[in-house]
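# Architecture and fold: a report
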Amino acid sequence: MGYWAFLWNIEVFNDTFPRRVESFPVTQPQEIEVLARAEASFSALMPIIQPLAAEFNTRGHHLYLVGGSVRDALLGRLGNDVDFTTDARPETILEILEHFADTTWDTGIEYGTVSAEKSGQQIEITTFRSDIYDGESRNPEVVFGDTLAGDLVRRDFTINAMAVEITSSPDAAGNTPAAAELEFFDPMGGFADLMAGVIDTPAAPDQSFVDDPLRLLRAARFSSQLGFTVSDRVRSAMTDLASEIQRITVERVQVELDKMLLGAQPWLGIDLMVTTGLADYVFPELPRLQLAQDEHHQHKDVYAHSLQVLRQAMDQEAAGEPDLVLRWAALVHDIGKPDTREFTEDGRVSFHQHEVVGAKLVRNRMRKLKYSKAMVRDVSQLVYLHMRFHGFSEGQWTDSAVRRYVADAGDLLPRLHKLVRADCTTRNKRKAAWLRQMYAQLEERITDLAAKEDLAKVRPDLDGKEIMAILGLQPGPDVGKAWSYLKEVRLERGPLDRDEAIKVLTTWWADQQDQQGQQEQQDQQIHQVQQDER
């Protein structure tokens, strides 16, 4: 098969890895297809990796494609970032890359990593590592290693513990060969696990997760991204060691959660977190959804409904454009239900104002996870608004109601449309069709009204400066009150011409003054009575 030579690095087979002692047969058509796909991926990189390997080889060093780069090449999804490992020490790597690459970064050099860019390709090269963990911090004592096997066994999962050596030594005349040789190393059985769609650890999973608890979340993330399942021993270790995730900073947890949610099948990772107890520590509101029966009795619980809504929201995304805000909103839109569940006399269940409670829970949880203010605002607002549509029956969408719906959603309106549509999971075909029709009518009303007035920027017909000039006010709270009142009028009645807006404003202000005068009069009378009683 072209440049590929499939060899085992025999030195790693000892009592530590008793399950990986057989030869490496590649006979199945599917396996051959996968390897051919990887070869095609690496061949496209030859203009970069071949001369790079030559730089290392001429200095007496080995260079290996490693980890996620090998995994993704086998899966036909190799991206623009390529990872390498080598026996060369960091200072040698830096020397080579400064000569070879267009740009070089040495910010990770104390960990043995040097990054670079060559012809638009991102490159990261790390010296063999053989780290030592203390069982408390996930940050190991960095120890540079001497063997590929020692480097691979420390990695998180077998599918990330494969390597391909690139050999491109110049001949006696100093000429670079026409093609590099690629030699595949798989001491941990990552290829077999990849073909089986299994996530397993090179070493014992208990030790792997204690060494670095972030791997607990990475297992869920890879399940989401790749559609793989975890091995029985990994699932057991995740369940036993779920609490270890508390050693990880919330910032790193947030990053892994987002990567998981942006995966091709995020419900796999979410369910793995929930069933192993990991979610109890990183997002406890999710497993609580299993306790609440949905009001339509279409799912065993709100949790199953939420995963279905997530799927249906994703179905509405543009191809290749995952929407993190929409996915989060779809997943957590009903997290207020456990706290608002009530049973009626006829045995039915209701979740009155669960959207209000849910929006608050979302804000609290996402703030604890250190999400940006914009992310917290957008996800919680979608949760808050997702039931608004159901508050109006057929024919009740007045112009005022449409304006408020659009104004409250703001820039989130396209996402709100998708969320509301995704939230229909009933198996009653007639009801589902009716809901789709009703929402289509609402969207038509929005389109029709938007053609007559600017719904995207519903503002008062008079601005703050005009309000101050008309009422003779200085900047202060009264100006804000007047502005808010005019906005309410604008939402209720639509655009007003200037004269009508001034009349509305002055009438309201006169009424405010009368009320204020009456209040002051009452206060004086009460004060006088109190004085007389003394």
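Residues numbered from 1 in each chain as written. Predicted model: local features only at pLDDT ≥ 70, side-chain atom pairs only at ≥ 80, totals over all residues. Heavy atoms only, no water.

## A short note on the environment of Asn160
Mapped onto the elements, Asn160 comes out in the loop between α4 (148–153) and β7 (163–167). Assessed through its relative accessible area of 5%, Asn160 is described here as buried. Taking the C-alpha atoms as reference points, Asn160 and Ile199, separated by 39 residues in sequence, lie 9.6 Å from one another. Here Asn160 is in contact with Gly67, Gly68, Arg71, Arg155, Arg218 and Phe222, once residues within four sequence places are set aside. At a separation of 3.0 Å, a polar atom in the side chain of Asn160 contacts the side chain of Asp156. (Helix = DSSP H or I, 4+ residues; strand = E, 2+ residues; numbered from the N terminus. Buried < 20%, exposed > 50% of the residue type's maximum accessible area, 1.4 Å probe, protein only. Contact = heavy atoms within 4.5 Å. Polar contact = N/O pair within 3.5 Å; in protein donor to acceptor, adjacent residues only side chain to side chain.)

## Some words on the confidence of the model for the chain
Here the chain averages 84 in pLDDT, while 83% of its residues score no lower than 70. Scored below 50 in pLDDT, residues 1–24 makes 60 contacts in the model with residues more than four places away or belonging to other chains. (pLDDT = per-residue confidence, 0-100.)

## Quick notes on the nonpolar core
Counting 121 residues, the largest nonpolar core has Leu52, Phe84, Ile270, Trp328, Val332 and Tyr405 as its most contacted members. Top contributing element to this core by residue count: helix α1 (residues 29–57), with 11 residues. The contacts of Ile270, once residues within four sequence positions are left out, are Met260, Leu261, Leu286, Tyr303, Leu307, Leu310 and Leu331. Listed in part, the 12 residues of the second largest apolar core include Ile467, Leu496, Leu505 and Trp508. (Core = buried A, V, L, I, M, F, W, Y, C linked by side-chain atoms within 4.5 Å.)

## Quick look at the pairing of strand β5 (residues 113–118)
For a regular strand, the rule is simple: side chains alternate between the two faces of the sheet. Across three bridges, strand β4 (residues 103–105) lies against β5 in antiparallel orientation. Paired with Thr103 across the strands is Glu117, a residue of β5. Counted between consecutive antiparallel strands, the loop separating β5 from strand β6 (residues 121–127) contains two residues, among which Ser119 sits at a positive phi close to 55°. (Pairing = 2+ DSSP bridges.)

## Observations regarding the packing of aromatic side chains
Summed over the entire model, instances satisfying the criterion amount to seven aromatic pairs. Pairing Tyr64 with Phe128 gives two aromatic rings, centres 6.0 Å apart and planes at 40°, and the pair type is tilted. Taken together, the residues Tyr64 in strand β2 (residues 63–66) and Phe128 in the loop between β6 and α4 connect sequence positions 64 residues apart. Owing to a relative accessible area of 3%, Phe128 belongs among the buried residues under this scheme. Look at Phe157 and Phe222: their rings are 5.9 Å apart centre to centre, the planes differ by 85°, and that puts the pair in the edge-to-face class. Of the two residues, Phe157 is situated in the loop between α4 and β7 and Phe222 in helix α7 (residues 214–226); the sequence distance between them amounts to 65 residues. On the basis of relative accessibility, which here comes to 2%, the residue Phe222 falls in the buried class. Taken together, the aromatic side chains of Tyr64, Phe128 and Phe185 make up a single cluster linked through ring pairs. Its guanidinium or amino end placed over the ring of Phe100, Lys118 lies 4.9 Å from that ring's centre, counting from NZ or CZ. It is Arg311 that lies over the ring of Trp267; its NZ or CZ is 4.7 Å from the centre. (Phe/Tyr/Trp six-rings, centres within 6.5 Å; stacked < 30°, edge-to-face > 60°. Lys NZ or Arg CZ within 6 Å of the ring centre and 35° of its normal.)

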